[in-house]
Amino acid sequence: MNIEELINNIEKDPKAYIGENISLNNIFMYINGFRFSKLHTYGNIDIEECFTHKFCDYCINWINKDKNLNISFSIRGYVFYIETYYKKNEKINIFFNICNDFFKDFHSKNKK
């Protein structure tokens with residue numbers, strides 16, 4: 001399973017991965033645990049590397065466009081920005097929307 005598949009699975013059934021206390025922070029912690037476990041595996045980890053190194057900036061750009069802001073660089077992680085600029089009842093959906101857009105862009109740029 002890669003990072004995209006994991007996030008898609010969490011989106012479909014968050015309780016199966018996160019438990020009853022579903023929050024953006026708990027999703028973040030689960031994803032980080034998955035990412036760090038990948039450090040000990042072999043194979044194609046391009047999508048994980050891209051997520052690790054580019055997702056936060058992508059998230060900030062997405063929020064800038066959505067909220068008509070001008071956040072210039074990330075000094076905090078993506079959870080902070082989603083928590084800051086979105087209402088409680090929309091934060092998790094916004095996270096998954098950003099992820100879906102990020103992975104679509106990744107695949108469109110990395111077609112073989």
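Residues numbered from 1 in each chain as written. Predicted model: local features only at pLDDT ≥ 70, side-chain atom pairs only at ≥ 80, totals over all residues. Heavy atoms only, no water.

Asks: What is the right way to read the overall build of the protein chain from this model?
Replies: When its secondary structure is counted, the protein chain shows six helices and zero strands. Each helix and strand of the protein chain, placed in order from N terminus to C terminus, yields the pattern α-α-α-α-α-α. Here the C-alpha radius of gyration of the protein chain, 14 Å, is about what a compact globule of 112 residues would show, namely 13 Å. Along the longest, intermediate and shortest principal axes, the C-alpha atoms of the protein chain span 40 × 35 × 25 Å. Burial status across the protein chain gives 36% buried among its 112 residues. Once local pairs closer than 6 in sequence are excluded, the contacts in the protein chain between residues at least 24 apart make up 56%. Total accessible area on the protein chain stands at roughly 7300 Å², and carbon and sulfur atoms take up 49% of it. (Helix = DSSP H or I, 4+ residues; strand = E, 2+ residues; numbered from the N terminus. Rg over C-alpha atoms; globule rule 2.2 N^0.38 Å. Buried < 20%, exposed > 50% of the residue type's maximum accessible area, 1.4 Å probe, protein only. Contact = heavy atoms within 4.5 Å. Areas by Shrake-Rupley, 256 points an atom, 1.4 Å probe, with all protein chains shown as cover.)

Asks: Teacher, can you tell me more about the packing of aromatic side chains here?
Replies: How two aromatic rings sit relative to each other is set out by the distance from centre to centre and by the angle between their planes. Applying the stated rule across the entire model yields 14 aromatic pairs. Centre to centre, the rings of Phe80 and Tyr81 are 5.1 Å apart; their planes meet at 85°, and the pair counts as edge-to-face. Aromatic ring contacts, followed pair by pair, group Phe28, Phe51, Phe55, Tyr58, Tyr78, Phe95, Phe96, Phe102 and Phe103 into a single cluster. Over the aromatic face of Phe80 sits the side chain of Arg76, whose NZ or CZ is 4.2 Å from the ring centroid. (Phe/Tyr/Trp six-rings, centres within 6.5 Å; stacked < 30°, edge-to-face > 60°. Lys NZ or Arg CZ within 6 Å of the ring centre and 35° of its normal.)

Asks: Please explain the nonpolar core as it appears in this structure.
Replies: In globular proteins that are soluble, nonpolar side chains generally tend to be buried together. Core analysis: the largest hydrophobic core is formed by 33 residues, its most contacted members being Ile31, Phe51, Tyr78, Ile82 and Phe95. Only α1 (3-12), α3 (24-37), α4 (46-67), α5 (78-85) and α6 (91-109) provide two or more residues apiece to this core. When residues in this core are grouped by element, the largest group, ten residues, is from α4. Setting aside chain neighbours within four positions, we find Ile31 in contact with Ile3, Leu6, Ile7, Ile10, Phe51, Tyr78 and Phe95. (Core = buried A, V, L, I, M, F, W, Y, C linked by side-chain atoms within 4.5 Å.)

Asks: Looking at this model, I keep getting lost on the environment of Ile63. Mind explaining?
Replies: Within the secondary structure layout, Ile63 lies in helix α4. In this view, Ile63 contacts Asn68, Leu69, Ile71, Tyr81, Ile82, Tyr85, Tyr86 and Ile98; residues no more than four positions away in its chain are not counted.

Asks: So what exactly am I meant to see when it comes to unusual backbone geometry here?
Replies: What is expected of a backbone is that most residues other than glycine have negative phi and most peptide bonds are trans. The backbone phi angle of Asn68 is positive, close to 55°, even though this residue is not glycine. Along the polypeptide, Asn68 turns up in the loop between α4 and α5. Under the relative-accessibility criterion, Asn68 is labelled exposed at 71%.

Asks: Which parts of the structure should I look at to understand the packing of α5 against α6?
Replies: Two numbers describe a pair of packed helices, the interaxial angle and the distance between the axes. Close contact between α5 and α6 brings their axes to 10 Å; oriented N to C, the two are set at 130°. Between α5 and α6, the angle falls in the class oblique. Here α5 and α6 pass one another in a crossing that is right-handed. Of α6, the residues touching α5 (which contributes Tyr78, Ile82 and Glu83) are Lys91, Ile94, Phe95 and Ile98. Residue classes in the contact of α5 with α6 are distributed as five nonpolar, no polar and two charged. (Axes fitted to C-alpha atoms, helices over the stretch in contact; angles between N-to-C directions. Parallel < 35°, antiparallel > 145°, perpendicular 65-115°, else oblique. Left-handed = near helix turned anticlockwise from the far one by under 90°. Nonpolar A, V, L, I, M, F, W, Y, C, P; charged D, E, K, R; others polar.)

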